[in-house]
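Fold and geometry: a report
For reference, the chains in residue letters:
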Amino acid sequence: MTDQNFNDIKQEALLLQEQLAEHNHSYHVLDDPVISDGEYDRMMKRLIEIEKLHPALSTPDSPTRRVGATPLTSFDTADHSTPMQSLDNAFNDQDIIDFHNRVAKLLETDEIRYTVEPKLDGLAVELRYEQGILTLALTRGDGTTGEVITDNARTINSVPLKLTPPPQGKNPGFLEVRGEVIINSRDFETLNKKRLEMDEPLFANPRNAAAGSLRQLDSRVTAQRPLEIFIYGTGIARGLEANSHAGLLDTLKTLGFRINPEIRTGLTVTEVLDRFKELEVLRENLPYEIDGMVIKVDDIAFQNTLGVKAKSPRWAIAYKFPAMEETTVITDIKVQVGRTGTLTPVAILEPVSIGGVMVARASLHNMDEIQRKDIRIKDTVLVKRAGDVIPKVVKPVIAKRTGDEEVFVMPDHCPVCHSPVRRLENEAAVKCINASCQAQLKQRIKHFVSKAGFDMDGLGAKLVDQLVDRDILHSFADLFTLDKVTLSAMDRMGDKSAANVVRAIEKSKRVPLKRFLFALGMDHTGDSAALLLCEAFSTLGAVMAAKNEEIAAIDGIGPKTAASVVMFFENQENLAMIEEMVNNGVVIEDHQALGNNLGEGTGVQKSIFNGKTVVLTGSLVTMTRSEAKKRLQEQGAKVTGSVSAKTDILVAGESSGSKLTKARSLGVTVMDEDELTAQLNKG
Ligand code: D41
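Residues numbered from 1 in each chain as written. Predicted model: local features only at pLDDT ≥ 70, side-chain atom pairs only at ≥ 80, totals over all residues. Heavy atoms only, no water.

1. Concerning the overall build of the protein chain
Looking only at helices and strands, the protein chain features 25 helices and 26 strands. In terms of principal-axis extent, the alpha carbons of the protein chain reach across some 100 × 70 × 55 Å. Among the 683 residues that make up the protein chain, the fraction classed as buried is 46%. Residue pairs at least 24 apart in sequence account for 67% of intrachain contacts in the protein chain once pairs closer than 6 positions are excluded. With an accessible surface of roughly 33800 Å², the protein chain has 51% of that area assigned to carbon and sulfur atoms. Where the 82 positive side-chain charges of the protein chain centre and where its 96 negative ones centre are 0 Å apart. (Helix = DSSP H or I, 4+ residues; strand = E, 2+ residues; numbered from the N terminus. Buried < 20%, exposed > 50% of the residue type's maximum accessible area, 1.4 Å probe, protein only. Contact = heavy atoms within 4.5 Å. Areas by Shrake-Rupley, 256 points an atom, 1.4 Å probe, with all protein chains shown as cover. Lys, Arg positive; Asp, Glu negative; His and termini not counted. Charge placed at Lys NZ, Arg CZ, Asp CG, Glu CD.)

Quick look at the structure:
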């Protein structure tokens, strides 16, 4: 090849490198993409091609280096040129005021301004740039010595491989920056989902995922992980001048580094405390996890006067949020029985305060989950509480095992009625199939009297439990024979509340067919199926006489519902129970055709979901997502997969992640499963 030719190719490669670096910076640092992914990929492909033919052009700062390099057998270690210090911790406002007073005394002035940064919950690293090129990346390690992770750091898109020369002046000849490597919450969830599918162990939290990803001997694996970086300071920074911390961060930004947009500067100590309160709220909406706020004296001359202690600077402090994760011990695993007989394991915990709330129980979902996480009785476990959802067991702390732990076995008999349980094929749930099980009876009655059913005001859960336990209620029909004397004998029931309950029962006796069918609690027959049955058959007699095929032929009703309805009305005991209800005064009103009676049974008109765009996220407990989707659609909602400005409502089930965060940040209405059910049942 002629020199001329090679020069042309070299020029092309340099141009591609420059353009790719620029686009990468726009996308990953500025969060403001300028070209399409497709165009980017084409340019990258061309550059890889050229560098393959002319390896001399594959410089360490080429964007092609982001794909990872040859795997290592172990990490080298290297010393930081100046130790990476740690931070003192503060846990309340007084600690911050004490910090400020210490600083003020040493500086002999009260006029101190602070820069505050969200404290990212990731992994601290140091990046070294020589003549503007990334030459070394180290983990913090013990602060003095870290592991060499240069190949891995190059795969992080927000790590510049080459500095952007500042408009005036040239690159610093030798620059070390320090920052935090994180994985954002949404990417963490996606990563874990993939790992679950691949049968790989799950990461307990984004921080572990970031650490595990960064400390890969094969950097090509790291390249596949969605790592990000925010820079918060420098080590040695030759040729970089700044009078303030905020000014330093501004300069770093112009050099191409990613700086957290939530950083605030020029704050007095009172304003610092206000910002902490703000961040505590903001935290829910941030796309990544933070565990507090870092407070730094902004003036660098002041920083130098204050100096450092053995391990931490005197000019900075971390103000930590109350932890949302705590370890405690599982003293027992109990089993709860639901309305349809599903057995749910619940961890009974040694009570522990998590973020100011005492937690004594945590959800374990089902047997599959317990086995997957290998959770045992007497295990020390990590428990996480987020928002208002039921706390959950994240994982056992294996290092704390003593050998006394007991593997939990799902009972083969119902813990309440002691009849044998069954595990249905292809389902995670284990069920008690005894129709007269007391636990199920209680739940079924609570469902029967609920708003969408007979709507018996005043008949709360505690009262139902007592009435069943004292052998007063054996079936739905018994509800209609309850009198004031019986009711007022119950705990916490005065004459007046007893009279109110009797009145509510009396009033409930006239019941529209739709609410009657819902109240029966037949499997797979929630309130939308009940409505469809009403519309198809109008009277209870017709529903009872309907054949499987006739029911299954209704648009919107599946074979499971059809089978369950037919089975219910074939059962002699159920028929006797309905007859008894009628004898006790229950009047089941025929269904009024749509439009005649907007008050009852006409979900579409009344539903708050009508015409709304709804997104479902997280796991639902009382129904599957597809059921929820179906019911929402029946009530006129458009159900979509991702949250955007067009979303009206986000339904957030358990362990909702990034979609919830996004919805909150967009001001989208968020409802939990209870509210969803309540609203659907109103429809
Ligand atoms: O966001 C963070 N995790 C963060 C960590 C931050 N925003 N600022 C930090 N500043 C420092 C000093 C003041 C010592 C330069 C830090 C850390 N240190 C730090 N990270 C890990 C140990 C110490």
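2. Topic: the site of the ligand
Lining the immediate surroundings of the ligand are 16 residues, of which Gln 85, Glu 117, Leu 120, Tyr 232 and Lys 296 lie closest. Note that an oxygen atom of the ligand is positioned 3.4 Å from one of the backbone N or O atoms of Pro 118. For the ligand, a nitrogen atom lies 3.3 Å from a polar atom in the side chain of Glu 180. If you list the elements that add at least two residues to the shell around the ligand, you get strand S3 (114-120) and strand S10 (290-297). Among the elements that make up the shell around the ligand, the one with the highest residue count is S3 (4 residues). Of the residues that constitute the shell around the ligand, the class distribution is 9 nonpolar, 2 polar and 5 charged. (Near = heavy atom within 4 Å. Polar contact = N/O pair within 3.5 Å; in protein donor to acceptor, adjacent residues only side chain to side chain. Nonpolar A, V, L, I, M, F, W, Y, C, P; charged D, E, K, R; others polar.)

3. Overview of the nonpolar core
Core analysis: the largest hydrophobic core is formed by 54 residues, its most contacted members being Leu 517 and Met 581. If you list the elements that add at least two residues to this core, you get helix H12 (438-449), helix H13 (461-469), helix H15 (495-508), helix H16 (513-520), helix H17 (527-537), helix H18 (540-545), helix H20 (559-570) and helix H21 (572-583). Once residues lying within four places of it in the same chain are set aside, the contact partners of Met 581 are Phe 448, Phe 476, Ala 477, Phe 480, Phe 516, Leu 520 and Val 586. One finds Tyr 129, Ala 153, Ile 183 and Phe 203 within the second-largest nonpolar core, a separate group that totals 34 residues. (Core = buried A, V, L, I, M, F, W, Y, C linked by side-chain atoms within 4.5 Å.)

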